[in-house]
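# Results of the structural survey
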Amino acid sequence: MEIKFIVDNNVGKLARWLRMIGYDTLLFKEKDDARMIKIALNDHRVILTRGTQFMRRRLVTNGKLKAILIMPDNPKVQLQEIVKALNLNYHFRPFSLCLECNHLLIPRGKEEVQNLVPSYVFKTQNQYMECPVCHRIYWQGTHWQAMAKELKNLAEGLATN
Ligand SMILES: [Zn+2]
């Protein structure tokens, strides 16, 4: 079974990075730990958190709930740790999930997005994806390329800042 995550708000930046790689990742923005636990158990999600108290919960210590304590401050270092700890693949399924809401993106033809993207983008990009929920259009432009490059560096074990 494919690994899925729920990310505590205190390590919220991880959500975009994990989605960028293609791992199904919910961002839990509330304070109610009990609800986060319920979602994790129902949905078989691994909890990522900075809460040291959280790790002392019985469900975690007895292994019924999988949670990983995140220590570093830098989100990219956090990501490196998780990838290492869970043996994830940096090239898992890039460009497949909405970075904002975690839904599976749908390929869109160039003609379909003509009026939805800036004209300079339309001229240079041929491949588009749309989020069926928030309707953001994605293309592999400069922002995406920058993230992809960072992931490549992380995968190669190069230092980032
Ligand atoms: Zn979306």
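Okay, so let's go over this structure. All residue numbers refer to positions counted from 1 along the written sequence of the respective chain. Only residues with pLDDT of at least 70 get local features here, since the model is predicted, and only at 80 or more are side-chain atom pairs given and counted; chain-wide, interface and lining totals rely on the full set of residues. Side-chain metrics rest on all non-hydrogen atoms present in the structure, leaving aside hydrogens and water.

### A short note on the coordination of the zinc ion
Distances from the zinc ion to its protein donors, Cys98 (SG), Cys101 (SG), Cys131 (SG) and Cys134 (SG), fall at 2.2 to 2.3 Å. Coordination geometry of the zinc ion: the 4 donor atoms subtend angles of 100 to 126° at the metal centre, consistent with an arrangement described as tetrahedral. Spacing between the donor residues of the zinc ion along their common chain follows C-x2-C-x29-C-x2-C. In this pair, Cys101 sits in the loop between helix 4 (75–86) and strand 5 (106–108) while Cys131 sits in the loop between strand 6 (128–130) and strand 7 (137–139), placing the two residues 30 residues apart along the sequence. A 2.8 Å cut-off from the metal defines N, O and S donors, relaxed to 3.2 Å for Na, K and Ca; water is not in the atom list, so some sites may appear incomplete. Irregular is the label for any site that misses the other tests, which are tetrahedral for four donors with all angles between 85 and 135 degrees, and square planar for four donors or octahedral for six when opposite donors exceed 155 degrees and the remaining angles lie between 65 and 115. Note on conventions: DSSP H or I runs of at least 4 residues are helices, E runs of at least 2 residues are strands, and numbering of each starts at the N terminus.

### Considering unusual backbone geometry
Of note in this structure, His44 is not a glycine but carries a positive phi near 50°. Inspection of the secondary structure assignment puts His44 in the loop between helix 2 (33–43) and strand 3 (45–49). The backbone of Asn102 shows a phi angle near 75°, a positive value even though the residue is not glycine.

### A few points about the pattern of salt bridges
When a carboxyl oxygen of Asp or Glu lies within 4 Å of a side-chain nitrogen of Lys or Arg, that pair is called a salt bridge. The final tally for this structure, using the stated rule, is 12 salt bridges. The salt bridge partner of Arg93 is Glu2, with a shortest N-O separation of 3.4 Å. Separated by 91 residues along the polypeptide, Arg93 in the loop between helix 4 and strand 5 and Glu2 in the segment before strand 1 (4–8) bring together distant segments of the chain. Using a relative accessible area of 28% as the deciding quantity, one classes Arg93 as partly exposed. For every residue, the accessible area obtained with a 1.4 Å probe (protein chains only) is divided by the maximum for its type, and the residue is called buried under 20%, exposed over 50%, and partly exposed between those limits. The partly exposed category is assigned to Glu2, whose relative accessible area is 39%. Two residues, Asp43 and Lys4, come together in a salt bridge whose shortest N-O distance is 3.7 Å. Here the residue Asp43 occupies a position in helix 2, and Lys4 occupies one in strand 1, the gap between them amounting to 39 residues. Of the residues examined, Asp43 reaches a relative accessible area of 26% and is grouped as partly exposed.

### Focus on helix 1 (residues 13–21)
Counted residue by residue, helix 1 has 7 buried out of 9 residues, so it is predominantly covered. All buried positions along helix 1 are accounted for by Leu14, Ala15, Trp17, Leu18, Arg19, Met20 and Ile21. Tucked inside the fold, the buried residues of helix 1 contact strand 1, strand 2 (25–28), strand 3, helix 4 and helix 7 (142–155). Taken from the residues just after helix 1, Gly22 is the one with a positive phi, measuring 115°. Two residues qualify as a contact provided that any one of their heavy atoms is within 4.5 Å of a heavy atom in the partner residue.

### Details of the pairing of strand 2
In short, DSSP must find at least two bridges between two strands for them to pair. Here 4 bridges tie strand 1 to strand 2, and the two strands are oriented parallel to one another. Each residue of the ladder has a partner; that of Ile6, found in strand 2, is Leu26. Whether a crossover is right-handed depends on one test, that the path from the first strand over the helix to the second runs clockwise when the strands point away from the viewer. With helix 1 bridging strand 1 and the parallel strand 2, this β-α-β connection has right-handed handedness.

### What to know about the packing of aromatic side chains
We call Phe, Tyr and Trp rings a pair once their centres come within 6.5 Å, taking the six-membered ring for Trp, and we label the pair stacked below 30 degrees between planes, edge-to-face above 60, and tilted otherwise. Scanning the entire structure with this criterion turns up 4 aromatic pairs. Residues Phe5 and Tyr23 carry aromatic rings whose centres are separated by 6.1 Å and whose planes lie at 80° to one another, so their mutual orientation is edge-to-face. One end of the pair, Phe5, is in strand 1; the other, Tyr23, is in the loop between helix 1 and strand 2, and 18 residues separate them in sequence. Residue Phe5 is classed as buried on the basis of its relative accessible area, which comes to 0%. Look at Tyr23 and you get buried, because its relative accessible area is 4%. Taken together, the ring pairs connect Phe5, Tyr23 and Phe92 into an aromatic cluster. Sitting over the ring of Phe122, Lys110 keeps its end group 4.8 Å from the ring centre. A ring is scored as having a charge over it whenever the NZ atom of a lysine or the CZ atom of an arginine sits within 6 Å of its centre and within 35 degrees of its normal.

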